[in-house]
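Fold and contact review
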Amino acid sequence: MDNSSAIHNQTDKNHNRVTLILILLLLALRLPFLTGIIVFFHEASLWAVPIFENGTYLITAVLIWWERKRLEQFHIGYIALGIIILIPFVYSIVFYFYDPFGTIDRFGYPLFRMIVAGLLLVALIVQRPVLKKVTMKSVLWIIIAIAVGIVIGSLIGYVYSRLEPRAGSMSYTFPQMVTMFIRQLFYAAVNEEPLFRGFLWGYLMLKGWKNLWILLFQAGLFMVGHSYYITLNLGFFIGAFIAACIFGIVAWKSRSIAGSMVTHGLFNSVSDIVMSLGL
């Protein structure tokens, strides 16, 4: 091996080490930090959640920039990148004018993420990422992802409604249903999909893992990351594993977390609607 090859290999190793460190930071924020605090110190969740949300978005943005030359290996294309960058602005605009859940303080909460998204966009304009073009197949998978999210969300919501004694206590208008989807994209999908179905999946593939083993491994971690559901109902906890498998299959087969983010957002919002209606 000549010196240039050795230097190149060492550069790749150093690059992958940084990627691993950032992935581990994301997992640390999700597992011991957020999950641990909610499980053991319920009253601390109000301050822990904003730290998790903003910290996760920041590290995800850094990872996207760091891996801008091989984002395809991490299931990130133009549509996924567009959702990640635009959702803080879409969420802020929509909830500024119509906030039926009282979740936003007039741009206060998402302001940090809007700043990070803007900086990421500028950085990617200066140093262009390597991304596959949007094709009809990409669009088709978004349609499939919508269908999967609605169907599976309805089924799981129905099952949850049998487990939740308060089911049937609420009803939603159509605008509220739309804002629930946007809210779930902002809070859940954009925080969890790039990690579990994007960077973690892609890194394990680089290490030679088979897709099936990655699917089960990430689903297990995802379930652990929702350990606080045990205090609500064991069925919710198990449901997290099933949901992670569904999101993982969508990302795996479409080779993009764009579909899994859409499925995730619809799964959460539709299941909540069906469960609350007691259908």
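Residues numbered from 1 in each chain as written. Predicted model: local features only at pLDDT ≥ 70, side-chain atom pairs only at ≥ 80, totals over all residues. Heavy atoms only, no water.

**Section: the overall build of the chain**
- When helices and strands are counted, the chain shows nine helices and zero strands.
- Shown N-terminal to C-terminal, the secondary structure of the chain runs as helices and strands in the order α-α-α-α-α-α-α-α-α.
- A total of 279 residues make up the chain; the buried ones form 50% of that total.
- Taking contacts inside the chain between residues at least 6 apart in sequence as the whole, the part at least 24 apart equals 79%.
- Of the roughly 13,800 Å² of accessible surface on the chain, 71% is carried by carbon and sulfur atoms. (Helix = DSSP H or I, 4+ residues; strand = E, 2+ residues; numbered from the N terminus. Buried < 20%, exposed > 50% of the residue type's maximum accessible area, 1.4 Å probe, protein only. Contact = heavy atoms within 4.5 Å. Areas by Shrake-Rupley, 256 points an atom, 1.4 Å probe, with all protein chains shown as cover.)

**Considerations on the nonpolar core**
- Judged by nonpolar contacts, the single largest core of 74 residues is most densely connected at Ile23, Ile64, Ile76, Phe199 and Met261.
- Those residues in contact with Ile64 that lie beyond four places of it in its chain are Leu71, Ile76, Leu81, Ile84, Leu120, Leu124 and Phe199. (Core = buried A, V, L, I, M, F, W, Y, C linked by side-chain atoms within 4.5 Å.)

**As for the pattern of salt bridges**
- Scanning the model with the defined rule gives four salt bridges in all.
- Note that Arg70 and Glu67 form a salt bridge whose closest N and O atoms lie 2.4 Å from each other. Comparing Arg70 with Glu67 shows no difference in burial state: the two are buried.
- Between Arg197 and Glu193 there is a salt bridge, and its shortest N-O distance comes to 2.5 Å. Remark: Glu193 and Arg197 occur in helix H6 (residues 174-206); sequence separation between them is four residues, near one turn of the helix.
- On the accessibility criterion, Arg197 (0% relative accessible area) is buried. (Salt bridge = Lys/Arg side-chain N within 4 Å of Asp/Glu carboxyl O.)

**Some points on a positive patch on the surface**
- Where like charges cluster on the molecular surface, the positive patch consists of Lys132, Lys137, Lys253 and Arg255.
- Note on placement: Lys253 falls in helix H8 (residues 234-254). (Patch = residues over 30% accessible without salt bridge, like charges linked within 9 Å, V, L, I, M, F, W, Y side chains within 5 Å. Lys, Arg positive; Asp, Glu negative; His and termini not counted. Charge placed at Lys NZ, Arg CZ, Asp CG, Glu CD.)

**A closer look at the side chain of Thr35**
- Relative to the helices and strands, Thr35 resides in helix H1 (residues 3-40).
- Thr35 gets classed as buried once you look at its relative accessible area, which sits at 5%.
- The contact partners of Thr35, leaving out residues within four places of it in the chain, are Arg30, Val224, Gly225, Ser227 and Tyr228.

**Let's talk about the packing of aromatic side chains**
- Counted by the stated rule, this structure contains 12 aromatic pairs.
- Three or more aromatic residues joined by ring pairs make a cluster, and in this case those are Tyr91, Phe95, Phe186 and Tyr187.
- Arg197 extends its terminal NZ or CZ atom over the ring of Phe222, reaching a point 4.6 Å from the ring centre. (Phe/Tyr/Trp six-rings, centres within 6.5 Å; stacked < 30°, edge-to-face > 60°. Lys NZ or Arg CZ within 6 Å of the ring centre and 35° of its normal.)

**Observations regarding unusual backbone geometry**
- We note that His75 has phi near 60°; this positive angle belongs to a residue other than glycine.
- Using a relative accessible area of 2% as the deciding quantity, one classes His75 as buried.
- Positive phi, close to 60°, is recorded for Arg255, a residue that is not glycine.

**Points about the packing of H6 against helix H7 (residues 211-224)**
- Packing of H6 against H7 leaves a shortest axis separation of 10 Å and a crossing angle of 140°. Accordingly, the angle class assigned to the pair H6 and H7 is oblique. Judged by the twist between their axes, the crossing of H6 over H7 is right-handed. Counted together, Glu192, Phe196, Arg197, Leu200, Trp201, Leu204 and Met205 of H6 and Asn211, Ile214, Leu215, Phe217, Gln218, Leu221 and Phe222 of H7 form the full contact between these two elements.
- Residues belonging to the contact of H6 with H7 are distributed by class as follows: 10 nonpolar, two polar and two charged. (Axes fitted to C-alpha atoms, helices over the stretch in contact; angles between N-to-C directions. Parallel < 35°, antiparallel > 145°, perpendicular 65-115°, else oblique. Left-handed = near helix turned anticlockwise from the far one by under 90°. Nonpolar A, V, L, I, M, F, W, Y, C, P; charged D, E, K, R; others polar.)

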